[in-house]
Amino acid sequence: MTDQAGTSRSWIHRRWVPWLAGGLAFALTLLVGGAIVGDWAARTASMNELLDRVQASEAVMGELQDGVAEAFEEHGAGGDNEKLDSELRALAAQAEVDIAAAGAAVAELPIAVWHLDIERARDAYLLHNRAWVDYMARASEDSGEFLRPQEQVNQTFFDARAPFVEAVPEPDIEDLMERVVEIYEVPEDFGSGGSGGMDA
């Protein structure tokens, strides 16, 4: 009688095992799935913010190039060389400050330590920003820098493209890749113009 009762209790206990195992597996799946989705959302947000700050930095560089083009148009080709030199050096001095500030904003972006690809993209862009700051520092002393090739500026720009492409999370519902392509789209007149061809 005792053995029969023990067997019955054992069977009753064992029939809950599959339910318990199934419940644990389901909970684990939800936990892992939630972590994956949460990490993807964090990566997307970080990359979005990084692109915002990079585009702000590029906008400052673009404004400088517009100002340089206007200065050459107004004072170049037989115009007032002294006025041109003064204006170009002033533009460079201000751009050095503004570009450095934009770079600082990129550097200060918080990125999760395990998002190494996003960190690599940020670090690669900071090299480009630093190359521009150094370029502007030289141009503020010698406006002739605007007419010289700036290989470091160009090279750091192109070197940063691959890390940005690799850092775009999948699925890309925010169209981040489109923004990367927009940043790195090279104009047809790249390498020409009065600013040393610095379209990057």
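Procedures and definitions
Residues numbered from 1 in each chain as written. Predicted model: local features only at pLDDT ≥ 70, side-chain atom pairs only at ≥ 80, totals over all residues. Heavy atoms only, no water. Helix = DSSP H or I, 4+ residues; strand = E, 2+ residues; numbered from the N terminus. Buried < 20%, exposed > 50% of the residue type's maximum accessible area, 1.4 Å probe, protein only. Contact = heavy atoms within 4.5 Å. Areas by Shrake-Rupley, 256 points an atom, 1.4 Å probe, with all protein chains shown as cover. Phe/Tyr/Trp six-rings, centres within 6.5 Å; stacked < 30°, edge-to-face > 60°. Core = buried A, V, L, I, M, F, W, Y, C linked by side-chain atoms within 4.5 Å. Axes fitted to C-alpha atoms, helices over the stretch in contact; angles between N-to-C directions. Parallel < 35°, antiparallel > 145°, perpendicular 65-115°, else oblique. Left-handed = near helix turned anticlockwise from the far one by under 90°. Nonpolar A, V, L, I, M, F, W, Y, C, P; charged D, E, K, R; others polar. Salt bridge = Lys/Arg side-chain N within 4 Å of Asp/Glu carboxyl O. Patch = residues over 30% accessible without salt bridge, like charges linked within 9 Å, V, L, I, M, F, W, Y side chains within 5 Å. Lys, Arg positive; Asp, Glu negative; His and termini not counted. Charge placed at Lys NZ, Arg CZ, Asp CG, Glu CD.

The next point concerns the overall build of the chain. When helices and strands are tallied, the chain shows seven helices and zero strands. The linear arrangement of helices and strands in the chain, starting from the amino end, is α-α-α-α-α-α-α. For the chain, the residues scored as buried account for 35% of the 200 residues in total. Sequence separation of at least 24 residues holds for 74% of the intrachain contacts in the chain that already meet a minimum separation of 6. When the accessible surface of the chain is split by element, carbon and sulfur atoms take 57% of a total near 11,900 Å².

This part takes up the packing of aromatic side chains. Taken as a whole, this structure holds five aromatic pairs when the rule is applied. Ring centres of Trp132 and Tyr135 lie 5.2 Å apart, and the angle between their planes is 50°; on these two criteria the pair is classed as tilted. In this pair, Trp132 and Tyr135 are both assigned in helix α4 (residues 116-141), three residues apart and thus about one turn of the helix distant. This pair shows no difference in class: Trp132 is buried, exactly as Tyr135 is.

Before going further, it helps to spend a moment on unusual backbone geometry. The residue after Glu170, namely Pro171, is reached through a cis peptide bond having omega 0°. Tracing the backbone through its elements, the reader meets Pro171 in the loop between α6 (161-167) and α7 (176-183). At Asp175, a residue that is not glycine, the phi angle is positive and equals roughly 55°.

This paragraph deals with the nonpolar core. Within the largest apolar cluster, 38 residues are counted, with the highest numbers of intra-cluster contacts made by Met47, Leu50, Met136, Phe146 and Phe164. Of all the secondary structure elements, the ones that give two or more residues to this core are α2 (17-75), α3 (81-107), α4, α5 (151-159), α6 and α7. When residues of this core are assigned to their parent elements, the largest contribution, ten residues, is made by α4.

Further remarks concern the packing of α3 against α4. To characterise two packed helices, one gives the angle between the axes of the helices and the distance between these axes. Contact pair α3 / α4: the axes reach a minimum separation of 8 Å and the direction vectors enclose 160°. Between α3 and α4, the angle is such that the two are roughly antiparallel. Seen from above, α3 lies across α4 with left-handed handedness. Every residue of α4 that contacts α3 at Arg89, Ala92, Ala93, Ala95, Glu96, Ile99, Ala100, Ala102, Gly103, Val106 and Ala107 is listed here: Arg122, Tyr125, Leu126, Asn129, Trp132, Val133, Met136, Ala137, Ala139, Ser140 and Glu141. In the contact of α3 with α4, the residues fall into 15 nonpolar, three polar and four charged.

This part covers the pattern of salt bridges. When the charged atoms of two side chains lie near each other, side chains of opposite charge can form a pair. What the rule picks out here adds up to nine salt bridges. Of the charged contacts, one joins Glu145 and Arg138 as a salt bridge, the two residues approaching to 3.3 Å between their closest N and O atoms. In this structure Glu145 comes out as buried when scored by relative accessible area, which is 12%. On the basis of relative accessibility, which here comes to 37%, the residue Arg138 falls in the partly exposed class. Taken together, the salt bridges that share partners define one network made up of Arg138, Asp142, Glu145 and Arg148.

Before going further, it helps to spend a moment on a negative patch on the surface. Together, Glu63, Asp66, Glu70, Glu73, Glu74 and Asp98 make up a region of like negative charge exposed at the surface. Among the elements that take part in the negative patch, α2 stands out by supplying five residues, more than any other. By the element assignment, Glu74 lies in helix α2.

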